[in-house]
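Inside the fold
Spelled out from the first residue to the last, the chains are:
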Amino acid sequence: MENMDVETLLHPPEKVKRMFEAVSRLVVEKADLSAITVQMITERAGIGKGTAYSYFSSREELIVLALFYDYGKLLQELELILGQTEGFRNKMYRILDWLYEHGEYHMTFIHMVQMCIGSQKNLCDMRTGSYKCLFDSMQDYMRSRGDAMMEQGFCEGLFTQKDAVRRRMAFATMVLQVAMTFGEKSEKSFFPMPYEEVREYAYEGMIKILS
């Protein structure tokens, strides 16, 4: 399934969707990623093994795209939450809350993709090979939604910065600040502060940067 974009990934044919969801269930059940076979996936999906190879060139391609599908669905859930949230500040807080709640998942996602493709080098190769379209599409997908949200903050008069790149940099800084609090979930927190205080501090810092 080369040259796939985000919309195609998130709305695959029914049989592909069933295979993606089968991979997700196997991962949730703590199945060894390297031990997941095409036959295991297709049996869970209720389809013939040969069907998988009519859509995917390899086991690795099927599993990697299934991981991206699962992650994309998680992003769609966030988008739905944001659509039900009013006000720029509240939207930013919901994003940070989502990142905080799913921080462990983000790291697991990256780790699983690396395990499946074999190495960091192969991950870099994916960005320039047959998966480039998907990577580019995912970046565009997230960038367009992020830019729209930052424009909302500007229209609400919360900051004066008009440059899109500088807005993205300020947003990234806010996210990184809150990411440092993920350690709070363990006994050795780098910043022994309540998450809510760090969230507010990071948000206010972003607003100051953008003003």
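Here's what I pulled together on the structure shown here. On a predicted model such as this, the values are computed, not experimentally measured, just so you know. (Residues numbered from 1 in each chain as written. Predicted model: local features only at pLDDT ≥ 70, side-chain atom pairs only at ≥ 80, totals over all residues. Heavy atoms only, no water.)

**Description of the packing of helix α5 (residues 59-83) against helix α6 (residues 88-101)**
We apply this condition: Interaxial angles span 0 to 180 degrees and are taken between N-to-C directions of axes, which are lines fitted to C-alpha atoms, for helices over the stretch in contact. A run of DSSP states H or I qualifies as a helix once it reaches four residues; a run of E qualifies as a strand once it reaches two. Both are numbered from the N-terminal end. Note on angle classes: values under 35 degrees are labelled roughly parallel, values over 145 roughly antiparallel, values of 65 to 115 roughly perpendicular, and the remainder oblique. Two helices crossing with the near one rotated counterclockwise from the far one by less than a right angle form a left-handed crossing, whereas a clockwise rotation gives a right-handed crossing. Contacts are assigned to residue pairs with any non-hydrogen atoms lying within 4.5 Å of each other.
Following both chains from N to C, one finds α5 and α6 inclined at 150 degrees, their axes separated by 10 Å at the closest point. As summarised for this structure, α5 and α6 are arranged roughly antiparallel, according to the angle between their axes. Crossing hand, α5 versus α6: right-handed. Here L74, L75, L78, I81, L82 and G83 of α5 lie close against α6, whose contacting residues are K91, R94, I95 and W98.

**Section: the nonpolar core**
Convention followed: Residues belong to a common nonpolar core when they are buried Ala, Val, Leu, Ile, Met, Phe, Trp, Tyr or Cys residues joined through side-chain atoms within 4.5 Å. Buried, partly exposed and exposed residues are distinguished by accessible area as a fraction of the type maximum, computed with a 1.4 Å probe on protein chains only: under 20%, between the cut-offs, and over 50%, respectively.
In terms of nonpolar packing, the biggest core is built from 55 residues, with M19, F20, I41, F88, M92, Y203 and M206 touching the most fellow members. Mapped onto this core, the elements with two or more residues apiece are α1 (6-10), α2 (14-28), α3 (38-45), α5, α6, α9 (132-155), α10 (164-179) and α11 (195-210). With 13 residues, α5 is the largest single contributor of residues to this core.

**Re the packing of aromatic side chains**
Defined as follows: For Phe, Tyr and Trp, where Trp contributes only its six-membered ring, two rings pair if their centres lie within 6.5 Å, and the inter-plane angle classes them as stacked under 30 degrees, edge-to-face over 60, or tilted in between. Lysine and arginine charges are scored as sitting over a ring when NZ or CZ, respectively, is within 6 Å of the ring centre and within 35 degrees of the ring normal.
Applying the stated criterion across every chain, the model contains 8 aromatic pairs. Where F88 meets Y203, the ring centres are 6.3 Å apart and the plane angle is 45 degrees; that geometry is what we call tilted. Here the residue F88 occupies a position in helix α6, and Y203 occupies one in helix α11, the gap between them amounting to 115 residues. Residue F88 shares its accessibility class with Y203, and that shared class is buried. Their ring planes at 80 degrees and their centres at 5.6 Å tell us that Y93 and Y203 sit as a pair that is edge-to-face. Separated by 110 residues along the polypeptide, Y93 in helix α6 and Y203 in helix α11 bring together distant segments of the chain. Every member of this aromatic cluster is reached through a ring pair, and the members are F88, Y93, F154, F159 and Y203. For R145, the ring lying beneath its charged end belongs to Y141, and the centroid distance is 3.7 Å. Just above the ring of Y93 sits the side chain of R199; from NZ or CZ to the centre is 4.1 Å.

**Considerations on the pattern of salt bridges**
How we decide: By salt bridge we mean one thing: a side-chain nitrogen of Lys or Arg within 4 Å of a carboxyl oxygen of Asp or Glu.
Taken as a whole, this structure holds 8 salt bridges when the rule is applied. D97 is the partner of R199 in a salt bridge, and the nearest nitrogen-oxygen pair spans 2.9 Å. Taken together, the positions of R199 in helix α11 and D97 in helix α6 put the pair 102 residues apart, joining distant regions of the chain. R143 is the partner of D140 in a salt bridge, and the nearest nitrogen-oxygen pair spans 2.8 Å. Within this pair, D140 and its partner R143 are both found in helix α9, separated by 3 residues, close to a single helical turn. Given a relative accessible area of 44%, D140 falls into the partly exposed group. For R143, a relative accessible area of 33% puts it in the partly exposed group.

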